[in-house]
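# Overview (structure and organization)
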Amino acid sequence: MSRTSGDATMKKANGTEMFSRKDALQAGKFIAAIVVLFLFFGFVFSLFPLEWFEGFFASATLWFLKLLGFKGVVVAGEPVLVYLDSFAAPLGFSYLCTGILELTIVWSAVLASFGIDLRKRLIGVAAAAIVLVAFNFARIISSILIIAWLGLDAGNFSHDILFRVFLFVVIAGFYYVWFGWATKKAH
């Protein structure tokens, strides 16, 4: 690799451009902002009892399951528990069931995208909240239905898979779609 004068662009041996010092500084600024915003949102969420978020997802999930014929109750605590008549053990709604982790990551990445207009970043934050909450409900309800239809072993396996897929696909997928929309040139 050789370094050229002027813009400090790094070049491969064949002369193609890899990155410039400016690109490296922008990437560093983006990553630093994600970390700072992630810590900020984590702090903001910590100001509220975790049970509020767990209770929201547990109650809304039970409401939907009742539409499908399930019967049960929500019991407050840490974690919030959902007792379904057709299940031998309660379902626990913990921090990871709330989607707070995914939301703070996506919000941080969207807001750290400094080259994009602030209005588009704020639209991205609002859209992320809606999309991630909807996908999180779908993941939770899918896991419960798999337990009901295929048993606990299949439910545990699918829960682990769905959680990992949700974590990666929704975060990366949402950011990819939002970034494409936010950087699209008007014709």
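Residues numbered from 1 in each chain as written. Predicted model: local features only at pLDDT ≥ 70, side-chain atom pairs only at ≥ 80, totals over all residues. Heavy atoms only, no water.

### Digging into the overall build of the protein chain
Put simply, the test is: Counting from the N terminus, the helices are DSSP H or I runs at least four residues long and the strands are E runs at least two residues long. Throughout, exposure labels follow a simple rule: accessible area from a 1.4 Å probe, protein chains only, divided by the maximum for the residue type, with under 20% read as buried, over 50% as exposed, and the rest as partly exposed. Whether two residues are in contact is decided by their heavy atoms: any pair within 4.5 Å suffices. Using a 1.4 Å probe, the Shrake-Rupley method yields the accessible areas, and only the shown protein chains count as cover for residues.
A tally of helices and strands in the protein chain yields five helices and six strands. Of the regular secondary structure in the protein chain, the N- to C-terminal order runs β-β-β-α-α-β-β-β-α-α-α. Considering the protein chain as a whole, with its 187 residues, one finds that 34% of them fall into the buried category. Summarising the internal contacts of the protein chain: among those between residues at least 6 apart in sequence, 58% fall at separations of at least 24. Of the roughly 11400 Å² that the protein chain leaves accessible, carbon and sulfur atoms contribute 71%.

### Remarks on the pairing of strand β5 (residues 80-84)
Our working rule: Two strands pair under a simple rule: DSSP has to find at least two bridges between them.
Where burial is concerned, the two faces of β5 differ: the one with Val80, Val82 and Leu84 is buried and the one with Leu81 and Tyr83 is not. Across four bridges, strand β4 (residues 72-75) lies against β5 in antiparallel orientation. Its bridge partner lying in β5, Gly72 is registered against Leu84. In this structure, the hairpin formed by β4 and β5 is closed by a connection of four residues, where Gly77 is found at a positive phi of approximately 155 degrees. Pairing analysis gives three bridges linking β5 to strand β6 (residues 91-93), with the strands arranged antiparallel. Within β6, the residue paired with Val80 across the bridge is Phe93.

### Here we look at the confidence of the model for the protein chain
As a reminder of what qualifies: Every residue is assigned a pLDDT by the predictor, reflecting its confidence on a scale from 0 to 100.
With 89% of its residues at a pLDDT of 70 or more, the protein chain has an overall mean of 86. Of the regions scoring below 50 in pLDDT, residues 1-7 engages in 15 contacts with residues more than four places distant in sequence or in other chains.

### Things to note about the nonpolar core
What counts is decided by this rule: Put simply, a nonpolar core is a bunch of buried Ala, Val, Leu, Ile, Met, Phe, Trp, Tyr and Cys residues held in one set by side-chain atoms that sit within 4.5 Å of each other.
Counting residues in hydrophobic clusters, the biggest one holds 21 residues, and the most contacted among them are Val106, Trp107, Val110, Ala128, Leu132, Phe174 and Trp178. Elements supplying a minimum of two residues to this core: α1 (21-46), α3 (100-111), α4 (118-150) and α5 (152-183). Those residues in contact with Trp178, other than ones at most four positions away along the chain, are Val110, Ser113, Ile116, Lys120, Arg121 and Gly124. Counting 18 residues, the second largest nonpolar core, distinct from the first, contains Phe70, Val82, Leu91 and Phe93.

### A short note on α5
Let me state the cut-off plainly: For a helix, the expected span equals 1.5 Å multiplied by the number of residues minus one.
Given a rise of 1.5 Å per residue, 32 residues ought to cover 46 Å, and the 45 Å separating the end C-alpha atoms of α5 matches this to within 8%. Along α5, the residues classified as buried are Gly155, Ser158, Phe163, Phe166, Val170, Ile171, Phe174, Trp178 and Ala182. Of the surrounding elements, those touching the buried residues of α5 are α3 and α4.

### Focus on the side chain of Arg121
To keep it simple, the criterion reads: Counted as positive: Lys and Arg. Counted as negative: Asp and Glu, with His and the chain ends omitted from the count. By definition, a salt bridge exists where a carboxyl oxygen of Asp or Glu is found within 4 Å of a side-chain nitrogen of Lys or Arg.
Mapped onto the fold, Arg121 is located in helix α4. In this structure, Arg121 is buried with no salt-bridge partner, the nearest side chain bearing the opposite charge being Asp117 at 6.9 Å.

### Quick notes on α3
Compared with an ideal rise of 1.5 Å per residue, which puts 12 residues at 16 Å, α3 spans 16 Å between its outermost C-alpha atoms and is within 8% of the ideal. Within α3, 10 of the 12 residues are buried, which leaves the element mostly enclosed by the surrounding structure. Of the residues making up α3, those classed as buried are Ile100, Glu102, Leu103, Thr104, Val106, Trp107, Ser108, Ala109, Val110 and Leu111. Of the surrounding elements, those touching the buried residues of α3 are α1, α2 (50-67), α4 and α5.

### Observations concerning the packing of aromatic side chains
Spelled out, the test is: Stacked, tilted and edge-to-face pairs are distinguished by plane angle, under 30 degrees for stacked and over 60 for edge-to-face with tilted covering the rest, among Phe, Tyr and Trp rings (Trp via its six-membered ring) whose centres lie within 6.5 Å. Cation placement over rings: the criterion is NZ of Lys or CZ of Arg within 6 Å of the ring centroid and within 35° of the ring normal.
Counted under the stated rule, the structure contains 13 aromatic pairs. Look at Phe45 and Phe53: their rings are 5.4 Å apart centre to centre, the planes differ by 75 degrees, and that puts the pair in the edge-to-face class. Over the aromatic face of Phe114 sits the side chain of Lys29, whose NZ or CZ is 4.7 Å from the ring centroid. Over the aromatic face of Trp181 sits the side chain of Lys120, whose NZ or CZ is 5.7 Å from the ring centroid.

### Considering the environment of Phe166
By secondary structure assignment, the location of Phe166 is in helix α5. Measuring from C-alpha to C-alpha, the distance between Phe166 and Arg139 comes to 7.5 Å, with 27 residues separating the pair along the chain. Residues in contact with Phe166, not counting those within four places in the same chain, are Glu102, Leu132, Phe135, Asn136, Arg139 and Ile171.

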